[in-house]
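Notes for the structure review
One letter stands for each residue in the lines below.
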Amino acid sequence: MDKANKENDKKPYICRKFSILSLKLLMNLRSFYSFLILILLLSACNSTKYVPDGEYLLDKVSIKTDNKDLSKSELKEYLKQTPNAAVFGVFRMQLGIYNFAGKDTSKWINKFWRRIGDPPVIYNSSLTSLSVQQLQMQIGNKGYINAKVESNVKFAGKKATVDYVIQAKKPYKLRDYKIDLKNNLLTEIASDTSKSLIHREMLFDVDVMNAERERITTKFRQDGYYNFNKDFLTYAADSSLNSHQIDVTIELRENLRLSADSIDNIIFKKFSIRKVIFYTNSDANVTTNLENKVELDTIQIKDFILVTPQKPIIKLDALIQNTFINPGTLYSDEAVSRTYSSLNSLGPIKYVNISFKETKDSLLDCYVIVIPSKTISLSVEAEGTYTEGYWGAAGKVNFLNRNVFKGAETLSLQARGSFEKQDQVWAKEFGGIVGLKFPRFIVPFASYDFKRSIHANTELTTAFTYQIRPGEFTSTNAGAGIKYTWNRKQFQHSLDLFDLSFVNFPYIDPKFVDDYLTTGIFNKYNYENHIIMRIGYSGSYSNYNPNRPLQNYSTARYSFETAGNLLNLASHVFKATPDSTGAYRFFNIRFSQYVKGEYNITYNQFFNKENRFVYHLGVGLGVPYGNADIIPYERRFLSGGANSVRGWSEGTLGPGAYERVTSNSKRDFNQVGDIKLDMNMEYRAKLFWVMEGALFLDAGNIWTIKPYDTQPLGDFKLDSFLDQIAIAYGVGARLDFSYFLIRFDLGMRLYDPVLDRRNRWRVNPTANDLAFHIAIGYPF
C-alpha cells in the first residue's frame, strides 16, 4: 500500500477520536461562535466519506499561465467544474455539514444535514475537457489565437487535483481600423475616437469589439432608428502571414448590401412617436388595437390616451408624469428603459409591458399595458431592543395607501411605541409619522412641461415624538419637511428643501439638573428648547453590474446640510434683538446654525461567489457657527455600535480620549462629536444553508470641532488624533434569507485610546472589552 493510501486510512481513526472529543466539548460550549469554529474543524475530517469507490473528490483546481496579462480570476468563470466551496480557502464547511449525515436517508436528521450541506464534487473528465475548450475559446477571443490549453490531472487516494496549463504565445494586435458603414450618422458615431473602444495596437479582443458594436447601436437607436440592431454590424478581418497583426473593418452585413432602397427605407429609417396609449387591465394580453376598443372609457391629454374597461384606477396625468416616451419626439431605447423603471416604481402598478406598432409616415404608436396591484396594506411590527446594556421592546403599526388620490400618491401612517428597562425604571417613547408622497415634482410657479422634465418625487412628512426618561427629563420633538427624490442611472438623489424640527423639554428632573447640568458634566445646551430649520442634500452611487455579480464594485453615500441661515438672515433684516448671550431667538426659542457633511465609500472585492473582502471608509465633519456654539445633540455623530467600531456599543466610544462620566450601564450624552472617522475591513464567507460567517477589523473615533468643558480630551488635534483612533476586531454570523439578513457580530477591543498607555493595547482582554451586536442587514 502506498504512502498516500496509508495516510488516508489513518484519517477516519483520527477524526473519530476528534469527533468524540468535539462532542464532549460541544456539551460545554456556551457560544454560538464556538460552535461555528467547531464546525470548521470537523469539516476537515473525512472529506471523502461519501465519494463512491472508483470515483474521486475534486480537491483542487488551479490555472497556470505564462502570461501575467491573463486574469486567472476571470478565467475561473469559464471552468465547468470547481471543488466544494471553502471558508477562508481552507475549510469546506458545506461539505463537512453534508458528511455529518448518516447513511440512513430515511432519518430526518440525516435529511437535514444533507439539505443544508453540499454533496462532494466528483471529478468528471468530460467537464474537464469542456473546461479546456471554454478556456481555449475565451483566450482566443482575447487575441491569443494560437494559445494552447492543457489539463493535468493527479490522483492521490480518493482525491483529484486538476491543473489547467495555458501557453498563451504571441497575441494578435490591430494594425489598422477602418469604418465602412454607408451612413453618415453611423459613421460619425463609429469614428468618435473619444468614445470608441477600438484603437490601433490593441489586442484583437472579440469582447471589446462586440462592446463597440453595442455602443454604436445604442447611440444610433437614440436618434430614432427603431429597426436597427447590433447584428447589422460585422467586422472583416485580414491578417498577414506570421505577422500577428490584423487589419479590421467594421461594416454592414453582406445581406444588407443587396438592396440600397431596403436599407434606406427600413434599416436607416427614422421613427418618431405619434401617440402613447395606456391600457389599464388585469389581463396583460389585452389587445392593442385602439379601434376595436370603442366601447371602453377613453381619456386623452394631447397625444396621451388612457383606455380602461372600468373606472380608472390611476389618473392619466400620473402616468404621463412618469413616462419618458413623448409624442413628437424620436424613438429612444433609453426613454423606453426609463419609462419601465419609473412606471414600475409606482405603488398601484404591479408591472407594465411596452410595445410599438409602426404606422404610416415613419411614425410609431406606443402601447403601455398597465397591470394594477393592491394599493392598501396594514402591518404590525414587534421587536426586542438592546441599547447600551438596556433591554426593551418596541412596536409599530403601519398603514399604506399607495393610490390615495388616484394619482399614485402614497399616504403612510405610522404609530410606534417603545419601552426600555433602565436600572429600576422604565423609559418610554411614543410617536407617529404621517407622510404623503407624490410621484411628480411639485413646485409653485413652474410650467407643466418643466415639472415633467424633472421626473422627481415629492414627499411631505410630519412627525411627533414624546419621550419619558424617569429621573432625567421629558421631551417632545415635532417636525415637518418637504423632500424631493430622483434617480439618474447609477445615481440616487434626495433634496430636503425644508426640514423644521422643534425640540422641547417640558420637564427636567431637578436632581438631574444638579448632578449633570449645573456641575457642567453634560452640556446644558442639549437640554434647552431649540429649533432646527435646515436644508440638505444626500445622494448615493453604485457601479454594481447585475449581469456580472462577481465583478468587484464600489458604492458611495454622501450628504450635506446646513441649518439656521434663513432664520439668521431674517433676524438681521428685521433687526431682531439678541438675548443676553448674543444669540437670536425665533418665537423666543434659540435656533441652531451649523453646516455638516458626510461621505462613505464601500468597495467589494470578490474571490469567488462564496468569499469576498469588503472595505469601508466613512468621514464626517460638522461646524457650528453664527447663532450656535454647538451642534444639536441629535445632529452630531456617534461612534461604536453595529455599523461602526464594533468593539464598543453604540454611542460609547469617544470623542477622542474622553472618559465616560457615567457607569457602563448608563448612557453618557457627552459621547457625541463633530468629526467622524470609520475604517472597516470585513471578510465574508458563505458557510452552509443560509449561514454566512465574517471576520472584521474596525478602526475609528469621533472628535469635537473645538474644546468643550463637558467633553475634556475630546477635541480634534493634529498631533494627537492618530493616538486616539480606536481599533477592534471580531467575528460575525449572518442569516441570509434573500429578502432580509439578520446579523450577529461579536467585537473585541484591540486598542482603547481612553486607557493609559500601558493598557491601551488589549493583549489580555476582559469581559468589558467585548460588545455583542444584533442588526438587520450588512454594516456597510
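Residues numbered from 1 in each chain as written. Predicted model: local features only at pLDDT ≥ 70, side-chain atom pairs only at ≥ 80, totals over all residues. Heavy atoms only, no water.

A tally of helices and strands in the protein yields 14 helices and 29 strands. Counting only residues that meet the buried cut, the protein has 43% of its 780 residues in that class. A separation of at least 24 residues holds for 63% of the contacts in the protein among residues at least 6 apart in sequence. Of the roughly 40,900 Å² that the protein leaves accessible, carbon and sulfur atoms contribute 55%. (Helix = DSSP H or I, 4+ residues; strand = E, 2+ residues; numbered from the N terminus. Buried < 20%, exposed > 50% of the residue type's maximum accessible area, 1.4 Å probe, protein only. Contact = heavy atoms within 4.5 Å. Areas by Shrake-Rupley, 256 points an atom, 1.4 Å probe, with all protein chains shown as cover.)

Okay, helix H14 (residues 565-573) next. Listed in full, the buried residues belonging to H14 are Leu567, Asn568 and Ser571. For H14, the arc enclosing every buried residue in end-on projection is 100 degrees, short of the 170-degree limit, so these residues lie on one face. Exposed and facing more than 90 degrees away from the buried side of H14 are Leu566, Leu569 and Val573. Those residues of H14 hidden inside the fold are in contact with strand E19 (530-542) and strand E21 (585-586). Phi turns positive one or two residues past the end of H14, at Lys575, with a value near 55 degrees. (Arc of directions from axis to C-beta.)

This next bit is on the pattern of salt bridges. All chains considered together, the criterion is met by 34 salt bridges. The salt bridge partner of Glu212 is Arg215, with a shortest N-O separation of 2.9 Å. Highlighted residues: Glu212 and Arg215, both in helix H8 (residues 206-221), separated by three residues, approximately one helical turn. Comparing Glu212 with Arg215, the two get one shared label, buried. For Asp745, the salt bridge identified is with Arg743, shortest N-O distance 2.7 Å. Residue classification places Arg743 among the buried positions, given a relative accessible area of 1%. Connected through shared salt-bridge partners, Arg646, Glu682, Arg684, Asp698, Arg734, Arg743 and Asp745 make up one network. (Salt bridge = Lys/Arg side-chain N within 4 Å of Asp/Glu carboxyl O.)

The end-to-end C-alpha distance of H8, which contains 16 residues, comes to 23 Å, matching closely the 22 Å that a straight helix rising 1.5 Å per residue would cover. Among all positions of H8, only Met209, Glu212, Arg213, Arg215, Ile216, Thr217, Phe220 and Arg221 are buried. As for H8, its buried residues are in contact with strand E4 (173-180), helix H7 (184-190), strand E5 (233-239), strand E6 (245-252) and helix H11 (333-344). Structurally, the start of H8 carries an N-cap: the backbone nitrogen of Asp207 is 2.9 Å from a side-chain oxygen of Asp205. (Expected span 1.5 Å × (residues − 1). Polar contact = N/O pair within 3.5 Å; in protein donor to acceptor, adjacent residues only side chain to side chain.)

Here the focus is the packing of aromatic side chains. Enumeration over the complete set of coordinates arrives at 46 aromatic pairs. Ring plane angle 55 degrees and centroid distance 4.8 Å describe the contact between Tyr751 and Trp761, whose orientation is recorded as tilted. In this pair, Tyr751 sits in strand E28 (residues 741-751) while Trp761 sits in the loop between E28 and strand E29 (770-776), placing the two residues 10 residues apart along the sequence. By the ring-pair criterion, three or more aromatic residues cluster together here, those being Phe473, Phe505, Phe512, Tyr516, Phe522, Tyr527, Tyr633 and Phe669. Positioned over the ring face of Tyr50 is Arg114, at 4.8 Å from the centre of the ring. The ring of Tyr778 is capped by Arg612, whose NZ or CZ atom sits 5.5 Å from the centre of that ring. (Phe/Tyr/Trp six-rings, centres within 6.5 Å; stacked < 30°, edge-to-face > 60°. Lys NZ or Arg CZ within 6 Å of the ring centre and 35° of its normal.)

Spatially, three strands are ordered E1-E3-E2 in an open sheet, and the strand pairing comes out mixed. On the outer flanks of this sheet lie strand E1 (57-65) and strand E2 (148-156), each paired with one strand and no other. Across the sheet, the mean angle separating the axes of adjacent strands is 15 degrees when strand polarity is ignored. Where E1 and strand E3 (residues 159-167) come together, eight bridges link them in parallel fashion. (Pairing = 2+ DSSP bridges. Axes fitted to C-alpha atoms, helices over the stretch in contact; angles between N-to-C directions.)

Our next topic: the nonpolar core. Among the nonpolar cores identified, the biggest contains 27 residues, and Phe278, Ile325, Phe356 and Val368 are the most heavily contacted of them. At the level of secondary structure, the elements contributing two or more residues to this core comprise strand E7 (272-280), strand E9 (304-308), helix H10 (316-321), H11, strand E10 (349-358) and strand E11 (363-372). In this structure, Val368 is in contact with Val276, Ile277, Phe278, Tyr279, Leu343, Val352, Asn353 and Ile354, ignoring residues within four places of it in sequence. Ranked by size, the runner-up nonpolar core spans 24 residues in total, among them Ala190, Met202, Tyr235 and Val248. (Core = buried A, V, L, I, M, F, W, Y, C linked by side-chain atoms within 4.5 Å.)

Moving on, we come to the pairing of strand E27 (residues 726-736). One face of the sheet, then the other: side chains in a regular strand alternate in exactly this way. In terms of strand pairing, strand E26 (residues 691-703) meets E27 through 10 bridges, oriented antiparallel. Paired with Leu695 across the bridge in E27 is Val731. Judged from the 10 bridges that link them, E27 and E28 form a sheet pairing that is antiparallel. Following the sheet pairing, Asp736 is matched in E28 by Leu741. The loop that links E27 with its antiparallel partner E28 comprises four residues; one of these, Ser738, has a positive phi angle of about 75 degrees.

Mapping Glu682 onto the fold places it in strand E25 (residues 675-688). A polar atom in the side chain of Glu682 sits 2.8 Å from the side chain of Arg646. A polar contact of 3.0 Å, which involves the side chain of Glu682, links it to the side chain of Arg734.

Judged by side-chain polarity, Phe419, Trp426, Phe430, Phe464 and Tyr466 come together as a nonpolar surface patch covering roughly 470 Å² of accessible area. Elements supplying a minimum of two residues to the nonpolar patch: strand E15 (425-438) and strand E16 (457-469). In this structure, Tyr466 sits in strand E16. Residue Tyr466 is classed as partly exposed on the basis of its relative accessible area, which comes to 30%. (Patch = residues over 30% accessible without salt bridge, like charges linked within 9 Å, V, L, I, M, F, W, Y side chains within 5 Å.)

This part takes up the sheet that holds E9. In a beta sheet, neighbouring strands are held together by backbone hydrogen bonds and run either parallel or antiparallel to one another. Spatially, E8-E9-E7-E11-E10 is the arrangement adopted by the five strands of the open sheet, whose pairing is mixed. Of all the strands in the sheet, just strand E8 (297-301) and E10 have a single pairing partner and so form its edges. Between one strand and the next, the sheet's axes are offset by a mean angle of 20 degrees, whatever the strand orientation. Alignment of E7 against E11, held across eight bridges, turns out to be parallel. Residue pairing for E11: Phe278 is matched across the bridge by Val368. Against the sheet, H11 makes contact with E7, E10 and E11, and its axis sits at roughly 155 degrees relative to E10, the strand it touches most.

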